[in-house]
Amino acid sequence: MSVCTAEQMGIHGKALQDLAVCALLHDNALTQYIQEELHNDTSYASATQKFPRLGAHCSLGEKNLQELPFHTDVTNVILYHHETADGSGPFGKKWTEIPLFARIIHLCDLLDVTCRAKTFTADIWKKATAFLQNIRGCIVDAECIDAFLRAFSESDFLSIGSEDLENLLWNKVPRFKQDLSFSQIKALANFFAHIVDYKSPFTSTHSIGVAAVAEKLTRHMGFDEETAQKMYLAGALHDIGKVAIGNEILEKPDRLTEEEFAAMKHHAAYTYYILSEIDDFDEIRDWAAFHHERLDGSGYPFGKSAPDLNTQERIMACADIYQALTESRPYKQGMAYEKAYQILQDMAARGWIDSDIVLQIHACFGPEQV
């Protein structure tokens, strides 16, 4: 909806790509906000349809996007995406003070919330047009509403309910390949690690922790600086496939059923497929995606065994386990080093992980190194 509306307002090319990215990421900090501001209690919002301190997730989201490599200036787009035309929004900005991208996204966000349905029907279209008339000039400016109505007839609007929606979007949005510096790639990796980790209150620092452990251990083992930095990226992105796994599985307090565990295991494969879309990322993709493979072939998702797994992939498997054992989570304190190391030794004895790397973990992170 945002892209089609923006086209009617003369936005094309790289600016349209930036608008699409902002629309996709406008609520990038919502799960972070729910954890940090609401302490995972959404009962208030469920009852009122409103979040207290609505501007908090806008501020967090704006900060998260500051280091991302946009083509155009998107300052304050995320910050002001809940501002209203009449100035009654969380920051008191009137429509003339709000970036165009933010105004468009706000309109489409409101429509999505108001008209959400399992199927798009003529009644939904009538509901949408009536809603637009009610908010015209007070909640959303007339300029954006008029552009939306030029972009969408009833049949166009109903096409949003199509199973082909993603293709419809990317047929409209130009997708430019970008060559990024390492610092830009690291900013992107940290951004997505942040989103993945905040997807569940159980893992709010896990990916960045794995990245730090993998980088430090790789450097300790004598690899060059480029490899150490690549391992950081792989660690930050190793669980990116969890964006495709439902929270009913990620947050289930009880033991997973066989079907649920099979679904959970897909996250590593999703990591592989997502990172395969990035040019020149094959090494980092493999180091990230193979973190649940085992030397005896009993791991997942691809059932690789010792001859298939290089040193960096073995390091990542150990780093993931070590970080998971030693990090504190809402429901448990991090495990003491000695106990975590004993578990790693036991896993190595079973032939699951590399015993030499377990020894390197002791040399790098053991009590005498603290």
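Residues numbered from 1 in each chain as written. Predicted model: local features only at pLDDT ≥ 70, side-chain atom pairs only at ≥ 80, totals over all residues. Heavy atoms only, no water.

### Here's the deal with the overall build of the protein
Part 1 of the argument: Of the regular secondary structure elements, the protein holds 19 helices and zero strands.
Part 2 of the argument: If you line up the protein on its principal axes, its C-alpha atoms span 70 × 45 × 40 Å.
Part 3 of the argument: With 370 residues in all, the protein has 44% of them scored as buried.
Part 4 of the argument: Contacts spanning at least 24 positions in sequence make up 64% of the contacts within the protein whose residues lie at least 6 apart.
Part 5 of the argument: Carbon and sulfur atoms provide 51% of the accessible area of the protein, an area that totals close to 18500 Å².
Part 6 of the argument: Computed over 33 positive and 53 negative side-chain charges, the inter-centroid distance for the protein is 3 Å. (Helix = DSSP H or I, 4+ residues; strand = E, 2+ residues; numbered from the N terminus. Buried < 20%, exposed > 50% of the residue type's maximum accessible area, 1.4 Å probe, protein only. Contact = heavy atoms within 4.5 Å. Areas by Shrake-Rupley, 256 points an atom, 1.4 Å probe, with all protein chains shown as cover. Lys, Arg positive; Asp, Glu negative; His and termini not counted. Charge placed at Lys NZ, Arg CZ, Asp CG, Glu CD.)

### Overview of the packing of aromatic side chains
Part 1 of the argument: Per the counting criterion, the structure on display carries 15 aromatic pairs.
Part 2 of the argument: Relative to Phe-157, the ring of Phe-152 has its centre 6.3 Å away and its plane inclined at 85 degrees; by these criteria the two rings are edge-to-face.
Part 3 of the argument: Given a relative accessible area of 2%, Phe-157 falls into the buried group.
Part 4 of the argument: In this structure an aromatic cluster arises from ring pairing among Phe-120, Trp-125, Phe-148, Phe-152 and Phe-157.
Part 5 of the argument: Taking the ring centre of Trp-170 as reference, the NZ or CZ of Arg-175 above it sits at 4.3 Å.
Part 6 of the argument: The ring of Tyr-232 has Lys-186 lying over it, and the distance from NZ or CZ to the ring centre is 4.5 Å. (Phe/Tyr/Trp six-rings, centres within 6.5 Å; stacked < 30°, edge-to-face > 60°. Lys NZ or Arg CZ within 6 Å of the ring centre and 35° of its normal.)

### Overview of the pattern of salt bridges
Part 1 of the argument: In the structure shown here, the tally under the stated rule is 13 salt bridges.
Part 2 of the argument: For Arg-219, the salt bridge is made with Glu-215, and the minimal N-O distance between the two is 2.9 Å. One end of the pair, Arg-219, and the other, Glu-215, are both in helix α12 (residues 206-220), four residues apart, so they sit about a helical turn from each other.
Part 3 of the argument: With relative accessibility at 36%, the residue Arg-219 sits in the partly exposed group.
Part 4 of the argument: Linked by salt bridges that have partners in common, Arg-103, Asp-141 and Glu-143 make up one network. (Salt bridge = Lys/Arg side-chain N within 4 Å of Asp/Glu carboxyl O.)

### Here we look at empty space enclosed by the protein
Part 1 of the argument: For the structure on display, the rule yields two cavities of 30 Å³ or more.
Part 2 of the argument: Here the largest cavity defines a volume of roughly 50 Å³.
Part 3 of the argument: Taken together, Phe-290, Glu-293, Arg-294, Leu-295, Leu-309, Glu-313, Arg-314, Ala-317, Trp-352, Ile-353 and Asp-354 make up the full set of residues lining the largest cavity.
Part 4 of the argument: Of the residues assigned to the lining of the largest cavity, the class counts are six nonpolar, no polar and five charged. (1 Å grid on protein atoms, 1.4 Å probe; cavity = no way out; pocket = protein on both sides within 12 Å on 5 of 7 lines; lining within 4 Å. Points joined across faces, edges and corners; volume = space filled by probe spheres on them. Nonpolar A, V, L, I, M, F, W, Y, C, P; charged D, E, K, R; others polar.)

### Some points on unusual backbone geometry
Working note: non-glycine residues mostly have negative phi, and peptide bonds are mostly trans.
Part 1 of the argument: Each neighbour pair has its own omega, and for Tyr-300 with Pro-301 the value is 10 degrees, a cis peptide bond.
Part 2 of the argument: Note that Pro-301 resides in the loop between α16 (282-289) and α17 (311-326).
Part 3 of the argument: Positioned with a positive phi, Asn-76 is a non-glycine residue whose angle comes to about 70 degrees.
Part 4 of the argument: Mapped onto the secondary structure, Asn-76 falls in the loop between α5 (55-65) and α6 (100-115).
Part 5 of the argument: For Asn-76, a relative accessible area of 24% gives the class partly exposed.
Part 6 of the argument: For Asp-280, which is not glycine, the phi torsion reads 60 degrees and is therefore positive.
Part 7 of the argument: Its location among the elements puts Asp-280 in the loop between α15 (258-275) and α16.

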